[in-house]
Amino acid sequence: MNLLTIQNTVITDSVVNKNDIKIEDTNIDVTEKTLSIIDLITSGGIGGNLVMGTLAILSIFAIYILVERYSTINKASKEDESFLKSIQNFVEAKDIAAAKTLCKNTNSPISRMIEKGVNRIDKPMTDISSAIENQGKLEVYKMENNLANLATISGAAPMIGFLGTVIGMIVAFHEMASAGGNIDVAMLSQGIYTAMVTTVAGLVVGIIAFIAYNYLVSKVDKVVFMLEAKTIEFLDLIHHNE
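All residue numbers refer to positions counted from 1 along the written sequence of the respective chain. Per-residue local features are limited, in this predicted model, to residues with pLDDT of at least 70; the limit for side-chain atom pairs, both in listing and counting, is 80 or more; totals at the level of whole chains, interfaces and linings are taken over all residues. Side-chain descriptors were evaluated using all non-hydrogen atoms of the structure, hydrogens and water having been removed beforehand.

## Focus: a nonpolar patch on the surface
Like-charged residues are merged into a patch within 9 Å and nonpolar side chains (Val, Leu, Ile, Met, Phe, Trp, Tyr) within 5 Å, provided each residue has over 30% relative accessible area and no salt bridge. Here the open area of atoms and residues is found with the Shrake-Rupley method and a 1.4 Å probe, where only the protein chains shown may cover a residue. The term salt bridge refers to a side-chain nitrogen of Lys or Arg lying within 4 Å of a carboxyl oxygen of Asp or Glu. Judged by side-chain polarity, F162, L203, I207, F210 and I211 come together as a nonpolar surface patch covering roughly 490 Å² of accessible area. With 4 residues, helix α9 (residues 185-240) is the largest single contributor of residues to the nonpolar patch. Strands are runs of DSSP state E lasting at least two residues, helices are runs of H or I lasting at least four, and both sets are numbered from the N terminus onward. Looking at where I211 falls in the secondary structure, it is placed in helix α9. When accessible area is computed with a 1.4 Å probe and restricted to protein chains, residues below 20% of their type maximum are described as buried, those above 50% as exposed, and intermediate ones as partly exposed. The exposed category is assigned to I211, whose relative accessible area is 52%.

## Let's talk about unusual backbone geometry
Look at K94: it is not a glycine, yet its phi comes out positive at around 65 degrees. Residue placement: K94 occurs in the loop between α4 (81-92) and α5 (96-105). Take K94: its relative accessible area is 54%, and that puts it in the exposed class. Of note, the phi angle at N146 is positive, near 75 degrees, even though the residue is not glycine. The residue N146 is located in the loop between α7 (125-143) and α8 (147-179) in this model.

## Quick word on the pattern of salt bridges
A side chain with one charge can pair with a side chain of the opposite charge if their charged atoms come near. Tallied over the full model, the rule gives 3 salt bridges. For E68, the salt bridge identified is with R69, shortest N-O distance 2.7 Å. Of the residues examined, E68 reaches a relative accessible area of 24% and is grouped as partly exposed. A salt bridge links E139 to R112, with the shortest nitrogen-to-oxygen separation between them at 2.8 Å. You can see E139 sitting in helix α7 and its partner R112 sitting in helix α6 (residues 109-119), a full 27 residues away along the chain. Among the residues examined, E139 registers a relative accessible area of 2% and is labelled buried.

## Observations concerning the nonpolar core
We call a set of buried Ala, Val, Leu, Ile, Met, Phe, Trp, Tyr and Cys residues a nonpolar core when their side-chain atoms join them within 4.5 Å. Membership of the largest hydrophobic core comes to 40 residues, with the highest contact counts inside it found for I87, I114, M143 and F234. Among the elements of the structure, α3 (45-76), α4, α5, α6, α7, α8 and α9 are those that each provide at least two residues to this core. A total of 14 residues in this core trace back to one element, the largest contributor, which is α9. Should any heavy atoms of two residues lie within 4.5 Å, those residues are counted as being in contact. If we skip the residues at most four places from it in the chain, I114 touches F83, L84, I87, C103 and F234.

## Quick look at the packing of aromatic side chains
Planes of paired rings set the category: under 30 degrees apart is stacked, over 60 is edge-to-face and the rest tilted, where pairs are Phe, Tyr or Trp rings (Trp by its six-membered ring) whose centres lie within 6.5 Å. Taken as a whole and assessed by the stated rule, the structure comprises 1 aromatic pair. Aromatic pair Y70 and Y215: ring centres 6.2 Å apart, planes at 20 degrees, arrangement stacked. Highlighted residues: Y70 in helix α3 and Y215 in helix α9, separated in sequence by 145 residues. Y70 sits in the partly exposed class, given a relative accessible area of 36%.

## Some thoughts on the packing of α4 against α6
Think of two packed helices as two axes; the pair is described by the angle between the axes and how far apart they sit. Contact geometry for α4 and α6: axes closest at 11 Å, N-to-C directions at 15 degrees. Put simply, α4 runs roughly parallel to α6. Pair α4 / α6 crosses with right-handed handedness. In this structure, α4 uses F83, L84 and I87 to contact α6, whose residues at the interface are I110, S111 and I114. Split by residue class, the contact of α4 with α6 holds 5 nonpolar, 1 polar and no charged. All axes here are fitted lines through C-alpha atoms, helices being fitted over the stretch that makes contact, and every angle between N-to-C directions spans 0 to 180 degrees. Oblique is the label for any angle not covered by the other classes, which are roughly parallel (under 35 degrees), roughly antiparallel (over 145) and roughly perpendicular (65 to 115). Crossings are assigned a handedness: left-handed for a near helix turned anticlockwise from the far helix by less than a right angle, right-handed for a clockwise turn. Gly is put with the polar residues, along with every residue not named as nonpolar or charged; the nonpolar set is Ala, Val, Leu, Ile, Met, Phe, Trp, Tyr, Cys and Pro, and the charged set is Asp, Glu, Lys and Arg.

This is the structure in structure tokens:
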């Protein structure tokens with residue numbers, strides 16, 4: 001009888017202990033570690049931070065070129081029909097001085113091109129056309145200013161990001177070699193962060209610069225087409241009034 005009592009007491013204690021363990025397990029707080037964007041960018045160590053800083057400078061420069069060139073090209077693309085109509089009236093009336101004055105007072109690529117033609121209006125048509133064409137090349141060069149830098153950024157940014165990847169992998173393998181057989185995931189995290197984050201950042205900057213470059217080039221092509229059309233119209237006007 002006493003033996004049975006002892007066994008029941010042991011079983012009861014074991015059940016209680018199991019229940020206590022379950023209660024303790026349910027009281028364990030599960031915490032999730034979050035990582036902000038700033039922490040993610042700056043978690044790559046010295047090498048990763050240098051690469052990310054370089055990419056940040058390139059991204060700012062690319063955005064500046066995009067905004068500045070867009071503004072310049074957009075101004076050049078505006079057509080002033082009243083200007084061309086006034087030039088036509090002055091040429092038909094043989095009032096070359098008024099045409100020259102209007103061209104000087106108008107700040108646009110087409111006005112500067114037509115001014116070269118008006119200044120040589122008494123010369124052969126080949127000379128007028130050559131002068132307008134040369135001025136047109138200068139205007140196109142002004143519009144394309146810094147576009148080559150934007151193209152360079154679009155190609156260089158991904159390569160700089162890949163450089164960060166190589167640096168990160170070197171750091172990771174160095175940590176593995178230094179640890180010997182005691183390899184810890186936390187030990188390798190800095191190198192892996194550097195490898196992944198710099199690659200993503202380089203690709204993002206490169207894609208933005210590439211899209212911006214092609215967009216601006218397409219706008220320049222449209223302006224060039226417009227300038228050519230207006231130039232032909234001006235040359236036809238001169239030809240008919242010879």
